[in-house]
Every structure is written in C-alpha cells, then in structure tokens.
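# Survey of secondary and tertiary structure
So the chains spell out like this:
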Amino acid sequence: MDTSSSIVTGAGLADAVRKSRLPARLDVVQSATGLVLALFMWGHMFFVSSILLGKDAMWTITKMFEGYFIFGRAYPGIVSVVVAVIVLLLVVHAALAVRKFPINYRQLRTYRGHMKLMRHEDTTLWYWQFVTGFALFFLAAPHLFQMLTQPGLIGPYESSDRVWSYHWWPLYLLLLFAVEVHGGVGLYRLAVKWGWFAGSNPDATRRRLKALKWALTVFFLALGLATLAAYIRIGIEHADRVGERYVPASVQPGAVK
Amino acid sequence: MKVVYTDVLVIGGGLAGLRMAIAAKRRGHDAVILSLVPPKRSHSKAAQGGMQASLGNVIKGQGDNEDVHFEDTVRGSDWGADQAVVRMFVNTAPKAVRELAAWGVPWSRVRRGDRTVIINGQKVTITERDEAHGLMAQRDFGGTKKWRTCYVSDGTGHAMLQAVGDQAIGSGIPVHERAEALALIHDGGRCYGAVVRDLIDGELTAYVAKATAIATGGAGRLYRVTTNAVICEGIGHALALESGAAALGNMEAVQFHPTGIFPAGILVTEGCRGDGGLLKDVDGHRFMPDYEPEKKELASRDVVSRRMEEHIRKGKGVGSRFGDHLWLDITLLGEKHIKTNLREVFEICHHFLGIDPTKDLVAVRPAQHYTMGGVRTKPTGESPTLKGLFAAGEAACWDMHGFNRLGGNSVAETVVAGMIVGEFIADFCDDPGNEFNLPTGLVREFVEREQAKLDALVASRGTEDASALKARMQEIMTAKVGIFRTGRDLEEAVAELQQLLARSRNIGLRTPSPGPNPELVTAYRVQKMLKLALTVAYGALTRTESRGAHFREDHPRRDDAQWLKRTLATWRDGASLPELNYEPLDIAKMELPPGWRGYGAKDYVDHPDTPRRQAEVDALKTQYAGDRFALQRALLPYDDLLPARLRGRNERIDEPFGGTGRAA
Amino acid sequence: MSMFRPTATHKVIPLVPADGAQPGNGGRIRVHAMRYNPRDPGNAPRLQTYELEQAEGMTLFIALSEIREKQDPSLQFDFVCRAGICGSCAMVINGRPGLACRTLTKAVGPDITLLPLPGFELIGDLSVNTGKWMRAMSERLEAWVHMKEAELDLTRIEARMEPELAEQIYELDRCIECGCCVAGCGTVRMREAFVGAVGLNKIARFRLDPRDTRDDDDFYELVGDDDGVFGCMSLLGCHDVCPKQLPLATQIAFVRRKMAAVGFR
C-alpha cells in the first residue's frame, strides 16, 4: 500500500497527526507579496510622475532603469526582467488572495448585507479591496504584458502616444483608481493584521494609520491624475508625430541606439 | 415519553452546580447539568468583589486563619448558622481558592513593597512582605476582622465562572441549556430525578438520576428591587417545596445589599467600601461612624442597610423624582484604582447612571441581594427527608449563613459546597445500597401531571394576567417584607399573597401557544413564586424577633431564648400556606456561644444555656492555650464531616508546613 | 434598646422603583423588532413596531420588558443580568451588534430597529442560541487550562504569579462570550467555519497563562489554518463592536505572528 503524502492527503488525512505548516507560510507570503507590490506601486508612481517635471526628467528616469548611465547604453531587457518579477509576485499574490474572496453568490450577498447593516469603515473598505483586486486581474494584465514584451516603448513620447493615440488612457484611469485603493487599503490592513506600530495605544495608532492611509490615497490619486493628464496633453500635442521617439536636446542625436 | 438516564442530575449551571458536576464526573459518575441559560451567563457571574478565604497573604490579613474566618461568619449570621458547617466551610475555602488558581483564575496578586490605601477615609501607606510577592491578594470586606477577600479586579465571579465552566467543558460534562425543571420525580421518600421542559420547543423530558442536585441560586426576583439577575426566581427552591417532602430552611432571612445603584438596583460591589469608599448623605456628611463607630461602612450588610434606611427616614436622604437615596463616594480612591480594581463599577456607573465615579458620587440605596434560606440539607448537602436530593450554593440551607451572610462568603460557598457536596454525591452514587428499581409508571405519572398543568394553562379561559400577578407580588414583597418589617405589614402581605396565589389558578394566556412562549413560562413560574413568597412572608410574620437581616420593628431584639432555631417550611399540595416547623440550634455544641456581634444592636435576650456553654468554652480556651488546633478539636470536632480528600490544615506564610512541599 | 428604633411619626418610605421604569416625559419611542419563528413553516421574518413612552434612564431591557408585559407577551428575547456582565442580550441595534441591557433608548431612539444576532442559530424573534455556538467553540479550541497531570496539593501555598501577568490575563479573560464579535465579523458571516475573535482571544489568553502547559505547536494544531487565525481578514468589526473593549485587534495580530512563526520553524 502506498503511504506517500499525496495518498494521505487524498484521503483527507493530511492534518491527521500534525497540522500542515503550509497555511502559515501562505499567509506570510500573501502579506509579503502584497507589501512588495504596494511599495513598488508607490515607487512606480513617483517614477512615472517624473513627467510632471518635464520630458527630460522622465527620459532620464527611464534610461536609468535601462542601465544607460551604468553601461553607457540602454538595455530595455532589464525592464522586462523587473516586469517579470512583478508579474510573478502579482500572480502569487492574486492566487493567495483569491482564497479570501467570496466563492459564491450566497457569500457575496451575505457580505454585502452585513456591510450595509454594519456601516463599518474597515468592513466596507475590504469590499472595495476585493472589488479592486478583482478588477486588477484584468486591468493590470494588458499593461504588464506590454511592458514585458515592449520594454523599449517607455518614454515621454512613447508613453504619451500609447496613452492618447493608442487609446490606453481609459485603462490607465481605471488602473490608477484600482491600484491606489487596493494598495492603500492593503497597506493599512497589513499594519493592523500583523500589529505593526501598535505601540502603547493601539487604538490611537490605528486611527493615525487610517488617517495616513486616506492621506496617501488622496495624494497618490492626485499625483496619478496629474501625471495621466500630462501624458494625455503630450499625447495630444504629439498626435501628429506618433511613433517618434523622444531624444533630449542635451543628448547628441544618434547617441542612443 | 422521552427519558434521559444519568448518574447525577444537576439542576442549575452556576458555580455550585458546575463544581458539583465536576466532582462527580472526576469520581467516574456521569453528570448532566440543566441550565436555564448558558452556564457562563449564570448569576454567579455577578459576584464582583471577591471570595473569602483565610490565606493571610497581605499584610492587613496577617494573622488570619480559619478561626478568625469562623468567628466572623458566625457573628455575621447572628448565630443562626450551623457552626459545624461553618467550620467545614472555612477549612475548605483556602483549598477552593487555590484549586481555582490552578484552574486559571487570574487572582489579583500581592506586589511587594509600599502601597497607598484608603482606610477610614485616610490615605495610609502599608508595606507588603517580600515573601508574599506574587501570592493571591486580599481586600477588606464588611464584617471581617482581617483582609480576607481574594479577588480578580471586580470581576471575581466572572473569572471564577469562566475557569469552572471551562473545566466542566474540558471534563466533557454535557449541559442541557435552556432547559427548566418543572417538578422533582419522587415517591415521598426518594428522589429519582426531574421532569424537564425544553424552553426552545416546549417539549417535556423525564431525567432519571441516582442523585439529583439543586443549585439554582437565589430568589431575588420575588422582590421588585433586587440586584439579582432576571432568572433568579427561586424555581429550584420551589421544586423542593412543591415536593411536599423536602423542607426549606430560614426563608425569611433575606439580605439587602447596601449599594444597589439607584434606581435600577444593579449591584456595585462591597469592594467599593472595602477599598475605602464612603457613604454620604444629602449634606455630604459621612454618617456611618455616627451609628457604627467600630466598623463604620464595613459593618455587616444587614446592619449597614438598616442604618442607611434609618438615616433616610431621618430626612437625610437625597431627594429625586424616584424617591430618596444616599451617596457612595469612591472618588477618594483615585482614577487608577477605580479603573483597575473597580472596573465593572466604573462601567456600570458609566452606562446606567451616565456618571464618572472617579469624579462623581454614585446614587445608591439598599436592594434585595441574597437568599440565606434554601433547601434544608444535612452537612453532606443531602435533604434529610428526601433521599437522593442534594442542594448546594444559594439554593441550599446547609446552613452556613444563618440570618445574614458576609460579603465574599457567597461566591466562596458556591465552590466550597460544590466541592464538598460533589464528593458526597459521588459517595452516594458509589454505594450499591442507593441503586433503585424505578417503576416507569411513576415517571410517566409525573410527566403527565406536568403536561396536564401546562395544557390546562394553555387552554385556560382564565382572566388573570400572569405578569400583573407577578408585579403585584414583587410590589408587596418590596414594600412589606423588606428591610424593616412589622406584624401588621406582614399580616397584610400574607393575606394578599394568598389571594394572589388563588388568583394565579385562574391565569389566562393572551398568546396560548404551547411552544417557546414566554408568557406561558411567566404563568407557571408565578404560581411557584407565589408559594415561595408566602413562605418568606409567613416565616417573617411568625418569627417575632430580630435576627440578622430579619428585622421586626415590633420585635427589635434578638431573642435567643425563644428563637435560636431554624425555620423549616414544607408545602402540602393544595394548601394556601406553608407548614412551619422549627429546628433548635444546640448551644451545647457551639464553638462560639451567642453574644454581641461587634456591630449593630447591643441588646438581645440570652438563651438560658449560653452562660454554661460560655464557661465550658472559656475553660477549654485556658486548657489549650497556645494550640489553636487542639482547642478547636475540643470545642467542635468537625473533621469527620468533611470528605476525606478535603481534610487537612492549610499552609500559610506564617504557618508553613516545612518538609518537601511544592516550592511556593 | 436598639439605638435606631424608627419613630412612629415616620411613615414607611417605599423602596426604590423597579429598574428605573417610571413613566417620564421622554417622548414616544418606536421599537421595530424582528419577528420570526423558525419552527413555524408558514412564517416569514418581518419587523413589528411597538410604540411606548420613554422613561428616564430607560434601557432596551426596560423597554423590551415593558413591551412583553403590556403589549405582546409572545415577543422572545434574552436577558439575564441586565447589568452588562453576562452577555445574554446581544442583538443588532440599529445595525450594530451590542448589549441591549445597557443601551439607553435615548441614545439610539426614537426609532430603534432590533434584529437577532446573525451568525447564530435563531431560536425566535430576538433570541439566538449563542450558548450552543460558544460551547462548540470551546470544545474545538480546547478552551480550558490544560494542567499538569499530577493532582494538586490543595493544602499548600499557591504558586506565585507576577501581579502584572495576572492583570494581563484578566484583561483577556474579561470576554463575556456575548457573540457581538462574531456577528460583527464579515469573515465569519461568509465562512461559518471561521473561528472568530472570541476564539482567537481565548487562544491568546491561554497562551499567556503559565498554568496552561500547552505550547505554540499545540495552539497551532487548534488555529493554524484558514479556519483559524489565518482566515482572519482583519476587518476589525470584532474589535469595534466588543462591548468589553477587549484588545482584539492586537491579540489576533499577536496570535497571527506566533502561529506564522510556527510555520517557519
């Protein structure tokens, strides 16, 4: 008789002697991937918003990530590698987080009914975290796929053309809201879930964390909207020269290959 | 007919019931607990201030021992207690509190070094001993010579009930919740169990058991103003009374707690005064020292309650639209102390009075609090007249409280009696002589009788309203069978209660449904409660003296010559009054012959035997001077009354055992 | 003679009124209570409205008792201590779980909607079987002190405990098992097998108690899965509705950290 662990598990006896350690690890991994992704999104937003400081600033940031200032030339493949890591994190995070989703209509209806009755902020925020998380499956996928496959097409003109002339702006608008809501609530929830910064008066800490969460959400939404507006403006201005790549005046033509 | 068989049927899921069931279960007997509510919601939970056990850990408890606890308890009882039972109790209380410590009760602990306490309205610094650090702490309570009340903040009963309830679950003892016993099954001499109604679906089941134990708590809801929970309706008392075979002892002994919050009657603990809180009148004057220079606010509860009512009668109460009240001042204890050690008090004041007791005075007035009387039992907890019926806790009268119980002795009694009686129940079940062959016809007869009563109530076209009858009964009891009693009031009370009892046979229901019908429950309970109210009122009318909490304005002296005896009430089916008999207390066997309590009224009528016994006691004290254990054995041997595993002395810091005992 | 024999000129002053229930001029309130008998097949849940005069200091205990006594003797609800310590009377008051006995009508009125606590077996109207749920939870989590095998010597001085530790244990031991945290928990509402805050708080309490011989591996067996501590989505409804203000948020976080650590050992 085969007594391998898969057979034991198949018979529903996986936890018969000692409970599996896997749930603990998965819980930590879910939180860790969420934390990394949320922090990444903050950084991402700052980098993308460099367009507000001008096309050259955005170009510089882009080239920095392509290794231009280290190697003397740009390797967009570096971006692909980073994107691949993010995709991996995202898939893992989504796979783990989906365990918490309502699995059928009855659960969804129960939760919504509970939420409406309670009128309790954290309970309502979870619902929005769930909705935005669900949306991110679809909204993030095309963006990530493009970044993975066409990492070279990031730049003041390149990105603006994509936003405007290739009609990606509605996706980015939705993505902006989904990410900021999901990430903001997620970071707040991570802090209370693991008891970070609890201090001597955890209730006061939580109130401050909640206020900070809202402030950051508002800040990043404002920053994001301004950034998107900037790309749209450049995209409109650049609509007649779609496909032209941006080269700063300070850089000799032909220097970037 | 549904029948459940078990070794031990425990009626009541509070501390006493749970502890008895655990004792029986650990001796190998199956026990089933019936409870009106989930056990952890029982009224045991409301014991706030603490549990008396003479550990003597705190410096103000140094020198405390069983002897001091014994004397305090007997004086508190106004010599109404059975002194042998008090001895059993005081010797077991330290064991009980230590057992609970091992079971997880987070008793407040002694911290070494200086601390500031309030004594007699003054800040005093006391220094706790190094060797007491980490042991259980004690606070001061009324009527005690030493600080003896072990406590968990002011949630003592709560913490005890959590621990004991958890152990009952851990022992796998089934609790049949929302189940109410309607009648004992018996043949006049032997109890076989009970007829039980499921409060969810209204179905009746017969529970057949070798031993049946009543642990249903008190009967405070006979009164309108009471600190008791709404389930404390004395139904366990009534079960015994209606059997006609078992007797109730001393039902006229009803305690009024000095500090029920006004007007809701919710308790704030004696710990408020034990920790230094003061009673004040309309002028902000601390009046208790005027009446009780020795013990002041910390005289026994009966005395403090009477002094408060007396002071209100002198016009010194604080007027309000609900009537007069007095003030409890705990502001001097400081915010930290109140929010740590009197936390429930803080919450209750906040939620029910809308005040902050760290800054504001608390409106209080005495409210019914405790039923000293109960199912009369032997020191084993078994009824002397109905074999196989046991009782423990507030529902019992074995009789350690006499006519007044000390604060902190009640919650202690629940676990102590639970331990002791639980062992005796196990002994009873072990004895092959106690097996029975029960004719099923008898069980059927009892179930059918109860079903017929319920059917009759549901079908009745009667005109009486059960709630109205109950409200009237509560009104009569509060107005006429209260703190101050007179023959005339009591006669009127008895007469009207008899009328109410007659009217209760003509109750009609507005919603005649047989299932989970709260009106039906009120209807059958009020019929029982009226018999109990009559037992209290009639006992009070007949007892023409004042003793402990029973105070007759027309007979204000304690009269040992006539009344040093216990009231025993039985009820014949169909009667309109209980039959009263009296059981004399034997002074010749008393370790502490009757005298002045040390507080309260100083005059009483002596019993002719008292001086002789006092002389004997004095002689023995001389003979055995220096050996308190030998003296005690000579005065009142009681060791053989205790179950073997609960005998033995109690170790203290000042009375170490030495040898190879567990490291303290 | 007794020092305080009352003088004949004083009339007997009646004692205090019952539980504060006195007609007052607090205006009318309307109590909208859920009526439903799950054992009656032809019966659908509905709200029934009762109007009554608000009295000074009136709590929902007083209001509901008055409704049962004077208007509708069939209305089912549970009260025991009526002082906020036993946990019997939890119900949903205007959308939030809370203890009815210590809720003043003037704080939630004049229109008060009362629903039975969700997440528990409904007995009828506002009465739910929290006792059955709590017993099952206690059995599942073995929520009692697991002592060493040897029988105690009760005659000996008790084991010592630091005063601060005793206070910390009591802080968590104050749970009254009222069920508010369960009813306030979106997770347990969606997934009935989830242990809920009351259970996780008990784990924290017994973990703290040196008299309990269990270690983190033992506790992991009880709550180390997605029906246990890892199922908690940190909605903190439990923390925010707990009538005893138990530190549930930090305690659940604490248990989570300890159980997560077991997973990486």
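Residues numbered from 1 in each chain as written. Chains lettered and ligands numbered in written order. Predicted model: local features only at pLDDT ≥ 70, side-chain atom pairs only at ≥ 80, totals over all residues. Heavy atoms only, no water.

Of regular secondary structure, chain A possesses 10 helices and 0 strands. Each helix (α) and strand (β) of chain A, taken in turn from the N terminus, gives the series α-α-α-α-α-α-α-α-α-α. Considered along the principal axes of its C-alpha atoms, chain A spans approximately 70 × 55 × 40 Å. Counting every position in chain A, which comprises 257 residues, the buried fraction comes to 44%. Considering only residue pairs separated by 6 or more positions, chain A has 77% of its internal contacts joining residues 24 or more positions apart. Summed over its atoms, the accessible surface of chain A is roughly 13700 Å², and 71% of this surface lies on carbon and sulfur atoms. Treating the 26 positive side-chain charges of chain A as one cloud and the 14 negative ones as another, the clouds have centres 10 Å apart. (Helix = DSSP H or I, 4+ residues; strand = E, 2+ residues; numbered from the N terminus. Buried < 20%, exposed > 50% of the residue type's maximum accessible area, 1.4 Å probe, protein only. Contact = heavy atoms within 4.5 Å. Areas by Shrake-Rupley, 256 points an atom, 1.4 Å probe, with all protein chains shown as cover. Lys, Arg positive; Asp, Glu negative; His and termini not counted. Charge placed at Lys NZ, Arg CZ, Asp CG, Glu CD.)

Residue and element names in this part refer to chain A. A cluster of nonpolar side chains, contributed by Phe46, Phe47, Met64, Phe65, Phe69 and Phe219, occupies part of the molecular surface with about 580 Å² of accessible area. Put simply, the parts of the chain that give the nonpolar patch at least two residues each are α2 (22-48) and α3 (55-65). Along the chain, the position of phenylalanine 219 falls in helix α10 (residues 202-237). (Patch = residues over 30% accessible without salt bridge, like charges linked within 9 Å, V, L, I, M, F, W, Y side chains within 5 Å. Salt bridge = Lys/Arg side-chain N within 4 Å of Asp/Glu carboxyl O.)

All names here are of chain B. Counting buried positions over the 8 residues of strand β13 (residues 254-261) gives 8, a clear majority of the element. Relative to strand β16 (residues 362-371), β13 is paired through 6 bridges, and the arrangement is antiparallel. Bridge pairing in β16 places histidine 257 opposite alanine 367. (Pairing = 2+ DSSP bridges.)

On to the interface of chain C and chain B. The partner chain B presents 103 residues to the 91 residues of chain C that form the contact. Taking both sides of the interface into account, the surface hidden between chain C and chain B amounts to around 8700 Å²; carbon and sulfur atoms contribute 54%. Our enumeration of links across chain C and chain B arrives at 11 salt bridges. On inspection of chain C and its partner chain B, the count reaches 40 residue pairs in polar contact (both at pLDDT 80 or more). Elements that contribute at least two residues to the side of chain C that touches chain B include exactly α1 (60-71), β7 (127-128), α3 (130-140), α4 (163-173) and α7 (196-208) of chain C. Of the residues in the side of chain C that touches chain B, the class split is 43 nonpolar, 19 polar and 29 charged. (Buried area = accessible area lost by both parts, 1.4 Å probe. Polar contact = N/O pair within 3.5 Å; in protein donor to acceptor, adjacent residues only side chain to side chain. Nonpolar A, V, L, I, M, F, W, Y, C, P; charged D, E, K, R; others polar.)

Quick look at helix α15 (residues 518-542) of chain B now. Residues and elements named next belong to chain B. Along its 25 residues, α15 runs 35 Å from first to last C-alpha, staying within 8% of the 36 Å computed at 1.5 Å per residue. For α15, the principal kink sits at valine 526 and spans about 25°. Within α15, 22 of the 25 residues are buried, which leaves it mostly tucked inside the rest of the structure. You can read the cap of α15 off the contacts: a side-chain oxygen lies 2.9 Å from the backbone nitrogen of glutamate 519, and it is on asparagine 517. (Expected span 1.5 Å × (residues − 1). Bend = angle between axes of the 7 residues up to and from the residue.)

Once that is clear, we can look at the side chain of C:Arg256. Along the polypeptide, C:Arg256 turns up in helix α10 (residues 248-263). Exposure remark for C:Arg256: the relative accessible area of 0% places this residue in the buried category.

Counting contacts across all 2 pairs of chains found in contact, the highest total belongs to chains B and C. Between chain A and chain B there is no contact, and the shortest C-alpha to C-alpha distance separating them is 16 Å.

Our next topic: the interface of chain A and chain C. Of the residues lining the interface, 36 residues belong to chain A; the matching set on chain C comes to 41 residues. Interface area for chain A against chain C, summed over the two sides, is near 3300 Å², with a carbon-plus-sulfur share of 54%. Linking chain A with chain C are 6 salt bridges, by the criterion used here. The salt bridge involving A:Arg21 is made with C:Glu221; its shortest N-O contact spans 3.6 Å. Linking chain A with chain C are 22 residue pairs in polar contact (both at pLDDT 80 or more).

Before going further, it helps to examine the sheet that holds strand β4 (residues 96-99) of chain C. The strands that make up a sheet are held in pairs by hydrogen bonds between backbone atoms, and each pair lies either parallel or antiparallel. All names here are of chain C. Sheet architecture is open: 5 strands sit in the order β2-β1-β5-β3-β4, paired in mixed fashion. Strands at the two margins of the open sheet, each flanked by one partner only, are β2 (46-53) and β4. For this sheet, the mean angle separating the axes of adjacent strands, direction not counted, is 35°. Where strand β1 (residues 28-35) lies against strand β5 (residues 111-115), 4 bridges are found, and the strand directions are parallel. Paired with histidine 32 across the two strands is threonine 113, which belongs to β5. In the packing of α1 onto the sheet, the strands contacted are β1, β2, β3 (90-93) and β5, and the crossing angle to β2 comes to about 95°. (Axes fitted to C-alpha atoms, helices over the stretch in contact; angles between N-to-C directions.)

Scanning all chains against the criterion turns up 29 aromatic pairs over all chains. Taking the centre distance of 5.4 Å and the plane angle of 85° together, the rings of A:Phe71 and A:Tyr75 count as edge-to-face. Plain terms: the ring middles of A:Phe101 and A:Phe137 are 6.4 Å apart, the flat faces sit at 45° to each other, and that makes the pair tilted. You can see A:Phe101 sitting in the loop between α5 (77-97) and α6 (105-118) and its partner A:Phe137 sitting in helix α7 (residues 121-149), a full 36 residues away along the chain. Joined through ring pairs, the aromatic side chains of A:Phe101, A:Tyr111, A:Trp126, A:Tyr127, A:Trp128, A:Phe130, A:Phe134, A:Phe137 and A:Phe138 make up one cluster. Cation over ring: B:Arg649 sits above B:Phe629, and NZ or CZ is 3.8 Å from the ring centre. One Lys or Arg, C:Arg256, reaches over the ring of A:Trp194 and ends 5.6 Å from the middle of that ring. (Phe/Tyr/Trp six-rings, centres within 6.5 Å; stacked < 30°, edge-to-face > 60°. Lys NZ or Arg CZ within 6 Å of the ring centre and 35° of its normal.)

Moving on: unusual backbone geometry. All names here are of chain B. Residue proline 263 is reached from phenylalanine 262 by a cis peptide bond, and omega for that bond is 5°. Mapped onto the elements, proline 263 comes out in the loop between β13 and α6 (271-274). A cis geometry characterises the amide bond from tryptophan 398 onward to aspartate 399, with omega recorded as 20°. Along the polypeptide, aspartate 399 turns up in the loop between β19 (396-397) and α11 (409-430). One non-glycine residue, arginine 178, lies in the positive phi region at around 55°. Looking at where arginine 178 falls in the secondary structure, it is placed in the loop between β8 (175-177) and β9 (179-186).

Our next topic: the environment of A:Ile78. Residues and elements named next belong to chain A. Turning to its location among the elements, isoleucine 78 is positioned in helix α5. Isoleucine 78 sits 149 residues away from threonine 227 along the chain, and the two C-alpha atoms are 24 Å apart. Dropping the residues within four chain positions of it, isoleucine 78 is found in contact with Phe65, Glu66, Gly67 and Phe71.

Turning to the sheet that holds β19(B), a few remarks are in order. Residues and elements named next belong to chain B. With mixed pairing, 5 strands are arranged side by side in an open sheet as β19-β17-β12-β21-β22. Two strands bound the open sheet, and with one partner strand each, they are β19 and β22 (579-584). Those strands touched by helix α5 (residues 235-243) are β12 (248-249), β17 (374-376) and β21 (565-570), and its axis lies near 35° from that of β17. Sheet strands touched by α15: β12, β21 and β22. Its angle to β22, the strand with the most contacts, is close to 55°.

What follows is about the confidence of the model for chain B. All names here are of chain B. When pLDDT is averaged along chain B, the result is 95; 99% of the residues meet or exceed 70. Throughout residues 660-664 the model reports pLDDT below 50, and contacts reaching past four residues in sequence, or to other chains, amount to 9 contacts. Both confidence scores are given for the complex: pTM 0.93, ipTM 0.94. (pLDDT = per-residue confidence, 0-100.)

Residues and elements named next belong to chain B. Relative to the 16 Å expected for 12 residues at 1.5 Å per residue, helix α1 (residues 15-26) spans 16 Å between its end C-alpha atoms, a close match to the ideal helical length. The buried fraction of α1 is high, at 10 of 12 residues. For α1, every residue scored as buried is listed here: Leu15, Ala16, Gly17, Leu18, Arg19, Met20, Ala21, Ile22, Ala23 and Ala24. Where α1 is buried, its residues meet β1 (2-11), β2 (31-35), α3 (83-103), α4 (156-170), β11 (204-214) and α11. Glycine 28 sits one or two residues past α1 and shows a positive phi near 95°.

Our next topic: the pairing of β9(B). Burial analysis of β9(B) places 8 of its 8 residues in the buried class, which makes it a mostly covered element. Counting the residues in the hairpin turn of β9(B) and strand β10 (residues 191-198) of chain B gives 4 residues, including B:Gly188, whose phi is positive at 95°.

Scanning all chains against the criterion turns up 107 salt bridges over all chains. With a closest N to O distance of 4.0 Å, B:Arg111 and C:Glu167 form a salt bridge. Of this pair, B:Arg111 sits in the loop between α3 and β4 (113-119) while C:Glu167 sits in helix α4, placing the two residues on different chains. With relative accessibility at 40%, the residue B:Arg111 sits in the partly exposed group. Between B:Arg566 and B:Asp399 there is a salt bridge, with its nearest N and O atoms 2.7 Å apart. Residue B:Arg566 is located in strand β21, and its partner B:Asp399 is located in the loop between β19 and α11; the two are separated by 167 residues in the primary sequence. Relative accessible area serves as the criterion here: at 2%, B:Asp399 is assigned to the buried category. A cluster of three or more residues bridged by salt bridges with shared partners is formed by B:Asp78, B:Glu252, B:Asp302, B:Arg306, B:Arg543, B:Glu545, B:Arg547, B:Arg558, B:Asp560 and B:Arg597.

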